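# Coordinates in review
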Amino acid sequence: MQRLHIVPGQFTVEHLPHATFPEDDEWIALVRAPEGLTVVRDASPYAETERWAGFYGDAAHGLDAPGMLAAIVGPLADAEVPVFVASTYHADLVLVPEHRLKEATAALRDAGHRVEV
């Protein structure tokens, strides 16, 4: 069981196929891959795009703790809730489509996780 917080705000996930770095510094996470750059940002209140809500672990678990991410994404997969994950040194930011936040929260609680707003 993990204690998770719902991160305030909403996020967007963008794919920039020909970029190696974004043109601005308004990003939360970057992942560079052969097929381009993936950028996680705070969602603009004016943009009409898919919005994501985030869960973040309350206690740092470090890189050597096995199964921490699997314990979160497993129940979400069982509930057929899509995820996008950005891992940090201490924990994982697990994003779900904003319109599925209640469903994702219920799935995580049913799996024994404590989810706090």
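The structure reproduced in this document is the subject of the present report. Quick caveat, the model's predicted, so the values are computed rather than measured. (Residues numbered from 1 in each chain as written. Predicted model: local features only at pLDDT ≥ 70, side-chain atom pairs only at ≥ 80, totals over all residues. Heavy atoms only, no water.)

### Details of the nonpolar core
Nonpolar side chains tend to gather and get buried jointly when the protein is soluble and globular. Core analysis: the biggest nonpolar cluster contains 14 residues, and Phe 55, Leu 76, Val 96 and Leu 108 have the highest contact counts within it. Put simply, the parts of the chain that give this core at least two residues each are strand 1 (3–16), strand 4 (52–57), helix 1 (68–78), strand 6 (92–97) and helix 2 (101–110). For this core, the element with the most residues is helix 2, which contributes four residues. In contact with Leu 76, not counting residues within four places along its chain, are Val 81, Val 83, Val 94, Val 96, Ala 104, Ala 107 and Leu 108. Membership of the second largest hydrophobic core comes to seven residues, among which are Ala 29, Val 40, Ala 86 and Leu 93. (Core = buried A, V, L, I, M, F, W, Y, C linked by side-chain atoms within 4.5 Å. Buried < 20%, exposed > 50% of the residue type's maximum accessible area, 1.4 Å probe, protein only. Helix = DSSP H or I, 4+ residues; strand = E, 2+ residues; numbered from the N terminus. Contact = heavy atoms within 4.5 Å.)

### Details of unusual backbone geometry
Even without a glycine there, the phi angle at Glu 80 is positive, about 60°. Along the polypeptide, Glu 80 turns up in the loop between helix 1 and strand 5 (84–87).

### Some thoughts on the pattern of salt bridges
When the charged atoms of two side chains lie near each other, side chains of opposite charge can form a pair. Applying the stated rule across the entire model yields four salt bridges. Arg 41 is the salt-bridge partner of Glu 14, the closest N and O atoms lying 2.4 Å from each other. Taken together, the residues span a long stretch of sequence, with Glu 14 in strand 1 and Arg 41 in strand 3 (residues 36–42) at a distance of 27 residues. Owing to a relative accessible area of 26%, Glu 14 belongs among the partly exposed residues under this scheme. One salt-bridge network, in which partners are shared between bridges, spans Glu 14, Asp 24 and Arg 41. (Salt bridge = Lys/Arg side-chain N within 4 Å of Asp/Glu carboxyl O.)

### Some words on the pairing of strand 6
Counting buried positions over the six residues of strand 6 gives six, a clear majority of the element. Side chains of strand 6 alternate between two faces, with Asp 92, Val 94 and Val 96 and Leu 93, Leu 95 and Pro 97 buried alike. Relative to strand 6, strand 4 runs antiparallel, the two sharing five bridges. Its bridge partner lying in strand 6, Gly 54 is registered against Leu 95. Two elements, strand 5 and strand 6, share four bridges in a ladder whose sense is antiparallel. Looking at strand 6, one finds that Phe 84 is bridged to Leu 95. Hairpin connection between strand 5 and strand 6: a loop of four residues separates the two successive antiparallel strands. (Pairing = 2+ DSSP bridges.)

### Focus: the packing of helix 1 against helix 2
When two helices pack together, you describe them by how their axes are tilted relative to each other and by the distance separating the axes. Two elements in contact, helix 1 and helix 2, have axes separated by 9 Å at closest approach and are oriented at 120°. Looking at the two axes, helix 1 sits oblique to helix 2. Considering the relative orientation of helix 1 and helix 2, their crossing is right-handed. Mapping the contact onto sequence places Ile 72, Pro 75 and Leu 76 in helix 1 and Ala 104, Ala 107 and Leu 108 in helix 2. Residues of the contact of helix 1 with helix 2, tallied by class, amount to six nonpolar, no polar and no charged. (Axes fitted to C-alpha atoms, helices over the stretch in contact; angles between N-to-C directions. Parallel < 35°, antiparallel > 145°, perpendicular 65-115°, else oblique. Left-handed = near helix turned anticlockwise from the far one by under 90°. Nonpolar A, V, L, I, M, F, W, Y, C, P; charged D, E, K, R; others polar.)

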